[in-house]
Amino acid sequence: MKNADVRNKYYFSFRCLIEMKGIFAKQIVYPVLALVIGLVLVQMRVLGWDLSRIPGDLGDARFNMYLLEHAYQFSTGQWAEYWNAGFFYPAANAISFSDNLLGSSPIYIIGRWLGLSREGAFQFWIVILAILNFVCAYLFLKKVSKRADLSALGAYIFAFSIVLFSQMYHVQTMPRFPFPLMLMFAYMFHQKGERKYFVLTVWMLVWQFYCGVYLGFFALFILGVYILVNVFLHPAYYKAFYKEKANLLYILLHAALQGVAMAVLMYPYFLRSRGTEPYTLERILATVPRPASYFYSIEGTLLWKFLSDVGNGWEWSYTQTLFTGGVASLSIVALLVLWLIKKEVRKEFWSKRNRAFLITAILTFIFFIKIGDHSLYALIKGIPGFGALRSLDRMINLELLFIALAFVYIAKKYLFRKERFWMFALAMTILGVDNYKEDVGGMTIGKFESQERVNIVLAKMSDFSKEDILCYQPDTLTDNCIYYQLDAMQAAQEKGVKSVNGYSATSPYGFDMFWRELNDAGRRKWMEMSGADTTHVVVVH
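Residues numbered from 1 in each chain as written. Predicted model: local features only at pLDDT ≥ 70, side-chain atom pairs only at ≥ 80, totals over all residues. Heavy atoms only, no water.

Chemist: Give me the overall build of the chain: which residues, what numbers.
Modeler: If you tally the helices and strands in the chain, you get 20 helices and seven strands. Over its C-alpha trace the chain gives a radius of gyration of 26 Å, about what one expects of a compact globule, namely 24 Å for 541 residues. Along the first, second and third principal axes, the C-alpha set of the chain runs to 95 × 55 × 50 Å. Here the chain, with 541 residues, has 55% of them falling under the buried criterion. Long-range pairs, those at least 24 residues apart, make up 76% of the contacts in the chain between residues at least 6 apart in sequence. Summed over its atoms, the accessible surface of the chain is roughly 24,500 Å², and 64% of this surface lies on carbon and sulfur atoms. For the chain, the separation between the mean place of its 54 positive charges and that of its 40 negative charges on side chains is 16 Å. (Helix = DSSP H or I, 4+ residues; strand = E, 2+ residues; numbered from the N terminus. Rg over C-alpha atoms; globule rule 2.2 N^0.38 Å. Buried < 20%, exposed > 50% of the residue type's maximum accessible area, 1.4 Å probe, protein only. Contact = heavy atoms within 4.5 Å. Areas by Shrake-Rupley, 256 points an atom, 1.4 Å probe, with all protein chains shown as cover. Lys, Arg positive; Asp, Glu negative; His and termini not counted. Charge placed at Lys NZ, Arg CZ, Asp CG, Glu CD.)

Chemist: Tell me about the packing of aromatic side chains, residues and numbers included.
Modeler: Applying the stated criterion across every chain yields a total of 41 aromatic pairs. An aromatic cluster is defined as three or more aromatic residues linked by ring pairs; in this entry it consists of F63, Y66, F87, F88, F97, Y503, F511, F514, W515 and W526. Here the guanidinium or amino end of R290 rests over the ring plane of W314, the centre of that ring lying 4.5 Å away. (Phe/Tyr/Trp six-rings, centres within 6.5 Å; stacked < 30°, edge-to-face > 60°. Lys NZ or Arg CZ within 6 Å of the ring centre and 35° of its normal.)

Chemist: Pulling in residues and values, what's your account of the pattern of salt bridges?
Modeler: Working definition: two side chains of opposite charge can pair if their charged atoms are close together. The full count for this structure, using the stated rule, is 14 salt bridges. Between R147 and D149 there is a salt bridge, with its nearest N and O atoms 3.0 Å apart. Comparing R147 with D149 shows no difference in burial state: the two are buried. For K305, the salt bridge goes to E438, with nearest N and O atoms at 2.8 Å. Here K305 is found in the loop between α11 (281-285) and α12 (326-341), whereas its partner E438 is found in the loop between α16 (421-434) and β4 (444-446), with 133 residues between them in sequence. (Salt bridge = Lys/Arg side-chain N within 4 Å of Asp/Glu carboxyl O.)

Chemist: Tell me about the confidence of the model for the chain, residues and numbers included.
Modeler: When pLDDT is averaged along the chain, the result is 91, and 95% of the positions lie at 70 or above. Per-element confidence in the chain ranges from a low mean pLDDT of 72 for helix α1 (residues 3-47) to a high of 98 for helix α3 (residues 105-113). Low confidence marks residues 10-14, where pLDDT is under 50. Its contacts with residues over four positions away, or in another chain, come to zero contacts. Confidence drops under pLDDT 50 across residues 16-20; counting only partners more than four residues distant or on other chains, this segment forms zero contacts. (pLDDT = per-residue confidence, 0-100.)

Chemist: Explain the sheet that holds strand β5 (residues 469-472) residue by residue, including any values.
Modeler: Strand order in the open sheet made by the three strands is β6-β5-β7, with parallel pairing throughout. Of all the strands in the sheet, just β6 (498-499) and β7 (537-540) have a single pairing partner and so form its edges. Two strands pair when backbone bridges link them, and β5 and β7 are joined in this way by four bridges, in the parallel orientation. Paired with I469 across the bridge in β7 is V537. (Pairing = 2+ DSSP bridges.)

Chemist: Describe the environment of F349, listing the residues and the values that go with them.
Modeler: For F349, the position within the fold is in helix α13 (residues 343-349). Expressed as a C-alpha distance, the spacing of F349 and L153, which sit 196 residues apart in the sequence, is 21 Å. When neighbours within four sequence positions are excluded, F349 is seen to be in contact with L335, W339, N354, R355, L358 and Y409.

Chemist: Give me the packing of helix α4 (residues 118-145) against helix α6 (residues 178-192): which residues, what numbers.
Modeler: One can describe the packing of α4 onto α6 by two numbers: an axis separation of 8 Å at closest approach and a directional angle of 25°. It follows that α4 is roughly parallel to α6 by the angle criterion. The hand of the α4/α6 crossing is left-handed. In this structure, α4 uses C136, A137, L139, F140, K143 and V144 to contact α6, whose residues at the interface are P180, L181, L183, M184, Y187 and M188. (Axes fitted to C-alpha atoms, helices over the stretch in contact; angles between N-to-C directions. Parallel < 35°, antiparallel > 145°, perpendicular 65-115°, else oblique. Left-handed = near helix turned anticlockwise from the far one by under 90°.)

Chemist: So what's going on with a nonpolar patch on the surface? Which residues, and what values?
Modeler: Residues I28, V29, V32, L33, V36, V40, W49 and F421 make up a contiguous nonpolar surface patch of roughly 710 Å² in combined accessible area. By residue number, the principal contributor to the nonpolar patch is α1, which donates six residues. Within the secondary structure, V40 sits in helix α1. For V40, a relative accessible area of 34% puts it in the partly exposed group. (Patch = residues over 30% accessible without salt bridge, like charges linked within 9 Å, V, L, I, M, F, W, Y side chains within 5 Å.)

Chemist: Report on unusual backbone geometry, specifying residues and quantitative values.
Modeler: Y89 connects to P90 through a cis peptide bond whose omega is 10°. You can see P90 is positioned in the loop between α2 (60-75) and α3. Of note in this structure, F88 is not a glycine but carries a positive phi near 60°. Here F88 is to be found in the loop between α2 and α3. Phi is positive for N93, which is not a glycine, with a value near 50°. With respect to the element layout, N93 can be found in the loop between α2 and α3.

Next comes the structure, spelled out in structure tokens:
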């Protein structure tokens, strides 16, 4: 071999290596930068750089903390039964009054294993969930778009959108990372036809249910529509797939396992539903978004203060602040306009690869929106489980992925046809400013304040034995009653005993008076109606 040929060979190999390193660097640099910026501008500002804050209020935030701590105590043998938690004594299956967070509880448990306090592990849980939400959205968008830079920006919209501040009082909606994976595997199944992707799709749906029943039902609707659309559009594909006995047996085996997993999760909720009245359609529709809800911004934003009065006078207006930021909103508007005026856009979206996603996204928004007092959600309310959902505005947590997908499409086709780092940096800056909320402290509670409230109750329980049951009735009520209920719940949990006090999405029949007033009359009414053995109930003031 001539010297020139040898030099060319090594030069070509070196050039290939450099290019591969460049491609690999892009896959890492773009998402890492976007993730770090999101954590800095959102999560760390909310938690405080000294980690002294917790998102939410003294009610829901601490209730979710209670659920996670209960999972930790159950996993370490400190509490014998999972569903029979210690609050609402003597009610059975108390956990089934609300979400359970089982699917994300291992994150919290790891935090506790690392030696973090209850509140510290909760903060750890929040940060890790933000990372997982971002990473999983990035993987999905990257699979669909093949662009690392735009996928990182789209994942920022999904994980750090300004609209998520309106959901911060309900941190149980944070664990949504299985949803992008579910859609990614569904997409891969319809692209490659491999049975493992179909099975993984359903397992991600099951995981989303375990992370949160609310978002699980929303994800079920989206996946159901996506599969039905594909079956309608490509019936021959499904017929050919299921004609193969190996495919059918493989899927049936996993379906049986998935059915068992879902039965374990949902059976306590099924038992609970038999003793409760379903929500009325009027109550459910009160929280269904209006079209204008997507232009109603939370207060205290840097750029969008003029949109914070859009919903004044609306019923349940505080649930309707669903503005997703200027970039995200303009992406949807631009997509609709281009769909109307450009034939090539209509043709591309109606291609075999894209039309199922398009129809699913459209139907998702249509079924979860109302015009006047009417909504198509009324058509699915009767499906088991869907009538128990009373805050349909929470669908925005999943709709953000479709909005991110719209942004990626518009940016790829018309704005960033080639990867350029300076363009990514500019877009990232715009997104950061666009989704910036100035005052985040008002949406949080002090970590040490929360601990101190529990310590006050613990100090009154110094003589408690394992058989004693706490009933906390402070002499003076200066805060919302539910805050004292949570004080007692967490104190009893830390002491390893049960409590009459309780708080959840709903309460047992007969508990309502004690829920609101925390007095002797309310306690006696609940004890009488529940048939409780009061031998070991200790009233603490």
